[in-house]
Amino acid sequence: PARPRVLSGIQPTADSFHLGNYLGAVRHWVALQDSHDAFYCVVDLHAITAGHDPAVLHQRTRRAAAQLLAVGIDPERSTLFVQSQVPEHPQLAWILGCITGFGEAGRMTQFKDKSQKQGSDRASVGLFTYPILQAADILLYQADAVPVGEDQRQHLELSRDLAQRFNTTFGATFTVPAAHIVKDTAKITDLQEPRAKMSKSSSAPGGIIDLLEDPARSAKKIRSAVTDTGREIVFDAEAKPGIANLLTIYSALSGRGIDDLVGAYAGKGYGDLKKDLAEVVAEFVRPIQARTQGYLDDPAQLDKLLATGAEKARAVAGATLRTAYERVGF
Ligand code: ADP
Ligand code: NA
């Protein structure tokens, strides 16, 4: 039987993925390749919804692709592509937009949050219709499963509603995608505010560890990570969120269980834990950084890889769009 299909995307809105992106999302993408027919895209169309610099976007798109390859997305087994190279995405988004209620779109809490931050007059229509484009991203590939974090749950629900509505109105066309919940998804928190999530949009520079930053810089941030006034190394996300976060990162990057780590650090201090974690991070990122640089140093090869990915993606997306066009009456 064919493997179930999975689709996920990441925005090229930073120069580097941070540890939260990697441990909370991308790491699982790599693992899913073993069990799924995976489609992964760098969603540059989504990245222009809140203002951008063209040259920076261009660079970040390439860097995102290079990092995905560097952490183990295998273009032989999976389809890795850049969203803007597959024009079927905005084409289908238009059709889906025409079966989405204005009020329905207006209930998306991420738009409310983001537009509030920007001032509602400055928020773009693209930011408003973002979840509809996201539905197109998913439905074009007839994805069975979409890995989602808590923040994307409502958007996936909209994708499911639109798939069902289209199928009911115009005839069976789209697979209704299910949420793929990863059980032990690590939620990585801000090193400076250990109750808030590590985030490129809200973390201060000291709170976030980038995959591509100098490990010496990461070590410094880990040394100054906010902990608590106690001295015991135990895993307690409520009472000791700082230590819990350091243990979570340590465990995820080293493959050692939390209990194993807690046992190993019995009687030792926070300083010991931080020093060792800095080494674990350094060892982990070094090869990823080298491989990323390798891809960036050979732009022709990277372009070729992405062109092949886009071609594979278009073969699937084009077939779905043709069916949708016919059903709609075009
Ligand atoms: P950011 O919050 O830094 O803007 P994105 O929203 O671009 O990051 O997230 C990209 C992916 O990484 C999403 O799947 C998201 O759920 C995941 N992710 C982001 N931050 C974290 C975090 N601190 N812990 C776990 N997963 C995260
Ligand atoms: Na975000």
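Our structure's up above, just so we're on the same page.
Rules of the game
Residues numbered from 1 in each chain as written. Chains lettered and ligands numbered in written order. Predicted model: local features only at pLDDT ≥ 70, side-chain atom pairs only at ≥ 80, totals over all residues. Heavy atoms only, no water. Near = heavy atom within 4 Å. Polar contact = N/O pair within 3.5 Å; in protein donor to acceptor, adjacent residues only side chain to side chain. Areas by Shrake-Rupley, 256 points an atom, 1.4 Å probe, with all protein chains shown as cover. Nonpolar A, V, L, I, M, F, W, Y, C, P; charged D, E, K, R; others polar. Axes fitted to C-alpha atoms, helices over the stretch in contact; angles between N-to-C directions. Helix = DSSP H or I, 4+ residues; strand = E, 2+ residues; numbered from the N terminus. Parallel < 35°, antiparallel > 145°, perpendicular 65-115°, else oblique. Left-handed = near helix turned anticlockwise from the far one by under 90°. Contact = heavy atoms within 4.5 Å. 1 Å grid on protein atoms, 1.4 Å probe; cavity = no way out; pocket = protein on both sides within 12 Å on 5 of 7 lines; lining within 4 Å. Points joined across faces, edges and corners; volume = space filled by probe spheres on them.

**Re the site of ligand 1**
Then, number 1: Around ligand 1 lies a shell of 14 residues, among which His-18, Gly-20, Ile-188, Met-198 and Lys-200 are the nearest.
Then, number 2: Met-198 has a polar backbone atom sitting 2.9 Å from a nitrogen atom of ligand 1.
Then, number 3: The separation between an oxygen atom of ligand 1 and a polar side-chain atom of Lys-200 is 2.6 Å.
Then, number 4: Taken by itself ligand 1 offers 540 Å² of open surface, and the protein chains cover 80% of this.
Then, number 5: Partitioned by chemical class, the residues of the shell around ligand 1 number four nonpolar, six polar and four charged.

**Considerations on the packing of helix H3 (residues 88-97) against helix H6 (residues 125-139)**
Then, number 1: Where H3 contacts H6, the axes come no closer than 8 Å and their chain directions differ by 120°. With respect to each other, H3 and H6 are oriented oblique. H6 is crossed by H3, and the crossing has right-handed handedness. Here H3 contributes His-89, Pro-90, Leu-92, Ala-93, Leu-96 and Gly-97 to the contact with H6, which in turn contributes Ile-132, Leu-133, Ala-135, Ala-136, Asp-137 and Leu-139.

**A look at empty space enclosed by the protein**
Then, number 1: Scanning all chains against the criterion turns up two cavities of 30 Å³ or more.
Then, number 2: Residue lining of the largest cavity: Ile-10, Gln-11, Thr-13, Ala-14, Ser-16, Phe-17, Asn-21 and Lys-200, and that is the complete set.
Then, number 3: When the residues that make up the lining of the largest cavity are grouped by side-chain class, the tally is three nonpolar, four polar and one charged.
Then, number 4: Forming the walls of the second largest cavity are Gln-110, Phe-111, Lys-114, Leu-127, Tyr-130, Pro-131 and His-155.
Then, number 5: Of all the secondary-structure elements, those providing two or more residues to the lining of the second largest cavity are helix H5 (109-118) and H6.
Then, number 6: Of the residues belonging to the lining of the second largest cavity, the class tally is four nonpolar, two polar and one charged.

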